[in-house]
Amino acid sequence: GAVVSQHPSRVICKSGTSVKIECRSLDFQATTMFWYRQFPKQSLMLMATSNEGSKATYEQGVEKDKFLINHASLTLSTLTVTSAHPEDSSFYICSARDLQALPYGYTFGSGTRLTVV
Amino acid sequence: DAKTTQPPSMDCAEGRAANLPCNHSTISGNEYVYWYRQIHSQGPQYIIHGLKNNETNEMASLIITEDRKSSTLILPHATLRDTAVYYCIVRGMYSGGGADGLTFGKGTHLIIQP
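The following paragraphs examine the structure supplied in this document. (Residues numbered from 1 in each chain as written. Chains lettered and ligands numbered in written order. Predicted model: local features only at pLDDT ≥ 70, side-chain atom pairs only at ≥ 80, totals over all residues. Heavy atoms only, no water.)

**So, the overall build of chain A**
In step 1: If you tally the helices and strands in chain A, you get zero helices and eleven strands.
In step 2: Reading the helices (α) and strands (β) of chain A from amino to carboxyl end gives β-β-β-β-β-β-β-β-β-β-β.
In step 3: Rg of the C-alpha trace for chain A: 14 Å, near the compact-globule value of 13 Å for 117 residues, within the 12% margin.
In step 4: Once the C-alpha set of chain A is aligned to its principal axes, its extents read approximately 40 × 30 × 25 Å.
In step 5: Burial analysis of chain A (117 residues in total) assigns 52% to the buried set.
In step 6: For chain A, the proportion of contacts with a sequence separation of at least 24, taken over those separated by at least 6, is 53%.
In step 7: Taken as a whole, chain A presents about 5,700 Å² of accessible surface, with 50% of it coming from carbon and sulfur.
In step 8: In chain A, which carries 11 positive and 9 negative side-chain charges, the distance between the mean positions of the two groups comes to 6 Å. (Helix = DSSP H or I, 4+ residues; strand = E, 2+ residues; numbered from the N terminus. Rg over C-alpha atoms; globule rule 2.2 N^0.38 Å. Buried < 20%, exposed > 50% of the residue type's maximum accessible area, 1.4 Å probe, protein only. Contact = heavy atoms within 4.5 Å. Areas by Shrake-Rupley, 256 points an atom, 1.4 Å probe, with all protein chains shown as cover. Lys, Arg positive; Asp, Glu negative; His and termini not counted. Charge placed at Lys NZ, Arg CZ, Asp CG, Glu CD.)

**A few points about the side chain of A:Arg37**
Residues and elements named next belong to chain A.
In step 1: In this structure, Arg37 sits in strand S4 (residues 32–38).
In step 2: One buried charge, Arg37, has no salt-bridge partner; the nearest side chain with opposite charge is Asp88, at 4.8 Å.
In step 3: Sequence-distant contacts of Arg37, defined by excluding residues within four places in its chain, comprise Ser43, Leu44, Met45, Met47, Phe67, Ser90, Phe91 and Tyr92. (Salt bridge = Lys/Arg side-chain N within 4 Å of Asp/Glu carboxyl O.)

**Some remarks on the packing of aromatic side chains**
In step 1: Per the stated rule, a full pass over the model turns up ten aromatic pairs over all chains.
In step 2: Judged by centre distance (6.3 Å) and plane angle (40°), the rings of A:Phe67 and A:Tyr92 are tilted. In this pair, A:Phe67 is assigned in strand S7 (residues 67–73) and A:Tyr92 in strand S9 (residues 90–97), connecting sequence segments 25 residues apart. In this pair, the class of A:Phe67 matches that of A:Tyr92, namely buried.
In step 3: On the basis of an interplanar angle of 75° and a centroid distance of 5.7 Å, the ring pair of A:Phe108 and B:Phe104 is categorised as edge-to-face. One end of the pair, A:Phe108, is in strand S10 (residues 106–108); the other, B:Phe104, is in the loop between strand S8 (84–92) and strand S9 (108–113), on a second chain. With respect to class, A:Phe108 is no different from B:Phe104; both count as buried.
In step 4: Across from the ring centre of A:Tyr106, 3.9 Å away, lies the NZ or CZ of A:Arg97, which sits over that ring. (Phe/Tyr/Trp six-rings, centres within 6.5 Å; stacked < 30°, edge-to-face > 60°. Lys NZ or Arg CZ within 6 Å of the ring centre and 35° of its normal.)

**Regarding the sheet that holds S9(B)**
Sheet strands pair by backbone hydrogen bonding; their relative direction is either parallel or antiparallel.
All names here are of chain B.
In step 1: Pairing in this open sheet of five strands is mixed, and the strands run S1-S9-S8-S3-S4 from one edge to the other. Since the sheet does not close on itself, it has two edges, and those belong to strand S1 (9–13) and strand S4 (45–50), each with one partner. Sheet twist, expressed as the mean angle between neighbouring strand axes with direction ignored, is 25°.
In step 2: Sheet topology note: the strand S3 (residues 31–38)/S4 ladder contains five bridges and is antiparallel. Along S4, the bridge assignment pairs Val33 with Gly50. (Pairing = 2+ DSSP bridges. Axes fitted to C-alpha atoms, helices over the stretch in contact; angles between N-to-C directions.)

**With respect to the environment of B:Glu31**
Residues and elements named next belong to chain B.
In step 1: Among the secondary structure elements, Glu31 is positioned in strand S3.
In step 2: Accessibility expressed as a relative area gives 8% for Glu31, which makes it buried.
In step 3: When the C-alpha positions of Glu31 and Pro7 are compared, they lie 21 Å apart, and in sequence the two are 24 residues distant.
In step 4: Among the polar contacts listed, one links the side chain of Glu31 to the backbone nitrogen of Ser28, at a separation of 3.0 Å. (Polar contact = N/O pair within 3.5 Å; in protein donor to acceptor, adjacent residues only side chain to side chain.)

Encoded structure:
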């Protein structure tokens, strides 16, 4: 079945630095990937939709200059948290659609636990 | 996408069937019912989906009422590893183009008791 690999699984960074999270579709091509954020004891919140070869679409209230998304190939999307602050500490999860496996084509990565100190 | 309502938490004894309800009274004719679960500190995992007929796979069964306004996910023999948050999501089939990420509600925290 479709597999989405997310890396790193856990990262600790200093306040003010930037962190890059990678999301790869391993056995299928994904023209669209999705990035979610999840705070403790809360549900997943969609942050943005990553479109291969074009600009990402951000949900209302998500700062596009802070959360940079690049989707340069059909199998890789990256999320860069720029100038991270403690309030950015969260669980970040990516998802991709395998369009050959409709209608249940959403596959999720294992998530990245970001801690900003 | 239609809104769903789930109980915030449920307990179930290990080895018994876990029945998780979901109300989706505003579901439209072309919308599917999807179930995902999220084990602590992991990404969501697909369980099952259905349109109008009951469905069964190796993980679970999905019972959809005739009017499609509610459904029940059944884990036939729950184990401790089934402890997770279960999300019921209603949406149409992907039609191409545009943003169509899944919208997650609060789900049901299912706790399997030994």
